[in-house]
Amino acid sequence: DKKHRDKEREKMKHKDGSTDKYKDKHKEKRKEEKVNYHADNSWKNACMHVKSEPEDDFYHSPKQSLKRERDEDNDSEFKPKKIKTENDKKAKKRKQDEVSNGHNIMKAKWEEERYTDGSKWRFLEHKGPVFAPPYEPLPNHVKFYYDGKAMKLSPEAEEVATFFAKMLDHEYTTKDIFRKNFFKDWRKEMTTEEKAKLTDLKKCNFTEMSEYFKAQSEARKAMTKEEKQKIKEENERILQEYGFCIMDNHRERIANFRIEPPGLFRGRGDHPKMGMLKRRIRPEDIIVNCSKDSKHPEPPPGRKWKEVRHDNKVTWLVSWTENIQGSIKYIMLNPSSRIKGEKDWQKYETARRLKKCVDRIRNQYREDWKSKEMRIRQRAVALYFIDKLALRAGNEKEEGETADTVGCCSLRVEHIKLYPENDGQEYVVEFDFLGKDSIRYYNKVPVEKRVFKNLQLFMENKEPDDDLFDRLNTSILNKHLQELMDGLTAKVFRTYNASITLQQQLKELTNVEENIPAKILSYNRANRAVAILCNHQRAPPKTFEKSMQNLQAKIDAKRDQLSDAKRELKSAKADAKVRKDEKSKKTVETKKKAVQRIEEQLMKLEVQATDREENKQIALGTSKLNYLDPRISVAWCKKWGIPVEKIYNKTQREKFAWAIDMADEDFEF
DNA sequence: TCGGGTACTTAGCAATGAGCAG
DNA sequence: CTGCTCATTGCTAAGTACCCGA
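Residues numbered from 1 in each chain as written. Chains lettered and ligands numbered in written order. Predicted model: local features only at pLDDT ≥ 70, side-chain atom pairs only at ≥ 80, totals over all residues. Heavy atoms only, no water.

Our next topic: the sheet that holds strand β8 (residues 250–253). Reading across from one edge, β3-β7-β8 is the order of the three strands in this open sheet, with antiparallel pairing throughout. Only two strands of the sheet have a single partner each, and these edge strands are β3 (124–125) and β8. (Pairing = 2+ DSSP bridges. Helix = DSSP H or I, 4+ residues; strand = E, 2+ residues; numbered from the N terminus.)

Structure, rendered in structure tokens:
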């Protein structure tokens, strides 16, 4: 296995190290490279095989790959560990050997699936979506009151009323926009009589309904084990039936096979559409996507799908149009699936290609700060922000349709303040705006003089609500980036900067001497540096203060325990000195061990406390899942002998199976 | 170039459930 | 066994990116 790993490591190096040079210098040789790539990658028992160009995607089953792995095992002719600069010719020759070798084996053993036309699959079969359970009318004793008088609502109006009743405890049911939107949409569901009667939301009393639902959820909690077990089994049955699909010979987990149930829309932040009715999705709204030769999913008895299509250029199984924004929703595969994993891998490979040319790009945009053309200066300053601060691209949004949030290209004059001098620093820019999900971005950063002067220029003669970059949008920016590097877009900078930061922080923070919990703290700190860079915030947990106190109490208790143990050790030592017999020596040893153990426990608790405190308002999950090349983490674990489970939970390990398999301890992002 | 449409990734929060102390 | 706490999972909104036709 070790041998094998060395070899694989070696191959990775090649793929990473030499392929790109090739791309730049010998475009016409790329065909060859692709073939090599296949051979190079046909090795894994993981489930992923990616090529940077989608037309070259192909895939074979884990089992088959395993076999092949063994075939290559005894071939250990080359395994130089640190090959930074191996001569190209030799590398190429070796690769070709592998190609012919590998290719034959592959051809003999499997039928390859290889897509050269942008298609995503050959075969797709699934059971369609699971619809939300139908509305169950309230029992008659649960009353709704209007203007103090009980009133029986039509089932349609009642259902929408229950949506509101269920949210009664939330603050947003008190917000004007929410109430207005809700009432307007509710009235659409009412009968003529109801509409005539119910004219004022303030006079509506939902409390009995609300109490009823609370009681229901209590009852659910109080269910016996058997009842709970039964429900669990039923869910498992549904999962097995609807939660998987067959895509190209593989049974893959579906991410969201349940259709979103109806309810009241609650956007994030100050959303103009909050409170609107999200309508129930019917089979007639559903477009099914599957392969022609598959067993098509059946609509519920007596119903029809909107459409069944066979589009293998896309990855979704089911789609429908949602009524709040009119956008399309999809049912797609789980992150553990081949199709998502490959894409993920590809994303990080693109970021690694950026690593190789980021210096050039940085020099370029610094030059562009001096351009005669306004649009180029704006582009260059925006790119600087995206690179330095990891800002999002900032697409335009339709006004009034969504909360007012911005990204880099859509920044307005009102979102930044310029300080020629601030707290002893020169040329400070203060950012204050709402970004994705209406999360506030606040940052004060010193910038280069040229940037500062440019910003002053961009802001000249503008109103606060004018665009800062009036000659720029994401499409212009991305078009430019595309010219700088194949596949480069604004978001690649976030991925790149996040991953490179993790790698660099891990190098800096990991201390050889420290034990595993301390190393994990270092990992979390590195992770945290990235989360801060990407502004991944969370609301401090409601029970934060309390749980912190609990932990502190535990620490105090442990401290007491430690001093007790130390005292006991001391007296045992004294005792042993006097008595000098085996038994008392043994006691000393035991006590020593006890002290050590307690010290370790104490340290662990203290580490935990530090970690938690530092994490109060920071969410680590998002960067871990979406921005950090998992191979960096896997390599770090391997290097320091840390079980990967300490870093990734089960779901995460499934998602990153490709990386866990592929990366060895000296993987370099 | 612009608006509209589509596909896919990224995001935080609420519900759930596993594990643990009492 | 019970109740509590915290991590995990599910949910779905909100982004990015890119295509197309006028």
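What follows picks up the thread again.
If you trace the three strands from one edge of the open sheet to the other, you get β5-β4-β6, paired in antiparallel fashion. Of all the strands in the sheet, the pair left with one neighbour each is β5 (149–151) and β6 (204–205). Where strand β4 (residues 144–146) meets β5, three bridges bridge the pair, whose relative direction is antiparallel. Bridge pairing in β5 links Y145 to A150.

Under the local residue numbering, the UniProt record ascribes the feature "active site" (unreviewed entry) to Y627. Its location among the elements puts Y627 in the loop between α18 (621–626) and α19 (630–640). Those residues in contact with Y627 that lie beyond four places of it in its chain are Y348, R494, T495, A498, S499, H536 and T622. (UniProt positions renumbered as here; feature names shortened; annotations may be inferred. Contact = heavy atoms within 4.5 Å.)

Right, let's get into the protein's contact with DNA strand C. Around DNA strand C there are 31 residues in total, and R268, K329, G394, K491 and T651 lie nearest to it. Backbone atoms, meaning sugar and phosphate, make up 87% of the atoms of DNA strand C lying within 4 Å of the protein. Contacts to DNA strand C include G394, whose backbone N or O atom sits 2.6 Å from a phosphate oxygen. Contact distances for DNA strand C include 2.8 Å between a phosphate oxygen and a side-chain N or O atom of T489. Elements with a minimum of two residues in the surface near DNA strand C: α13 (474–484), α14 (490–509) and α16 (544–579). (Near = heavy atom within 4 Å. Polar contact = N/O pair within 3.5 Å; in protein donor to acceptor, adjacent residues only side chain to side chain.)

Right, let's get into the protein's contact with DNA strand B. Surveying the vicinity of DNA strand B reveals 28 residues, the closest of which are K340, R392, K436, R494 and Y627. Sugar plus phosphate, as a fraction of atoms of DNA strand B within 4 Å of the protein: 83%. Interatomic distance of 2.4 Å between a side-chain N/O atom of K340 and a phosphate oxygen of DNA strand B. Per-element tally for the surface near DNA strand B: the top contributor is helix α10 (residues 338–368), with three residues. Residue composition of the surface near DNA strand B, grouped by class: eight nonpolar, six polar and 14 charged. (Nonpolar A, V, L, I, M, F, W, Y, C, P; charged D, E, K, R; others polar.)

With that settled, the discussion passes to the UniProt feature "domain: DNA topoisomerase I eukaryotic-type" (unreviewed entry) in chain A. Here, UniProt's "domain: DNA topoisomerase I eukaryotic-type" (unreviewed entry) annotation points to residues 264–641. Its end C-alpha atoms 49 Å apart, residues 264–641 is made of 51% helix and 11% strand.

Quick look at the domain arrangement of chain A now. Domain assignment breaks chain A into domain 1 (124–132 + 240–337), domain 2 (144–225), domain 3 (339–485) and domain 4 (499–662). Spacing between the C-alpha centres of domain 1 and domain 2 amounts to 28 Å. Listed per partner, the contact involves 14 residues of domain 1 and 13 residues of domain 2. It is L264, M274 and L277 that lose the most area in domain 1 upon contact with domain 2, and together they represent 50% of the buried surface on that side. In this structure, the connection of domain 1 to domain 2 is made through one salt bridge. Close ionic contact of R280 with E159 constitutes a salt bridge, the shortest N to O distance being 2.8 Å. Class assignment of the residues belonging to the side of domain 1 that touches domain 2 gives a composition of seven nonpolar, three polar and four charged. (Domains from an automatic or database assignment. Buried area = accessible area lost by both parts, 1.4 Å probe. Salt bridge = Lys/Arg side-chain N within 4 Å of Asp/Glu carboxyl O.)

So, about the packing of helix α5 (residues 155–166) against helix α6 (residues 176–189). In contact at an axis separation of 8 Å, α5 and α6 are set at 160° when each is read in the N-to-C sense. One way to sum up the angle between α5 and α6 is to call them roughly antiparallel. Here the hand of the crossing between α5 and α6 comes out right-handed. Note on element contacts: α6 touches α5 through F178, R179, F182, W186 and E189, opposite E156, A157, V160, A161 and F164. In terms of residue class, the contact of α5 with α6 is built from seven nonpolar, no polar and three charged. (Axes fitted to C-alpha atoms, helices over the stretch in contact; angles between N-to-C directions. Parallel < 35°, antiparallel > 145°, perpendicular 65-115°, else oblique. Left-handed = near helix turned anticlockwise from the far one by under 90°.)

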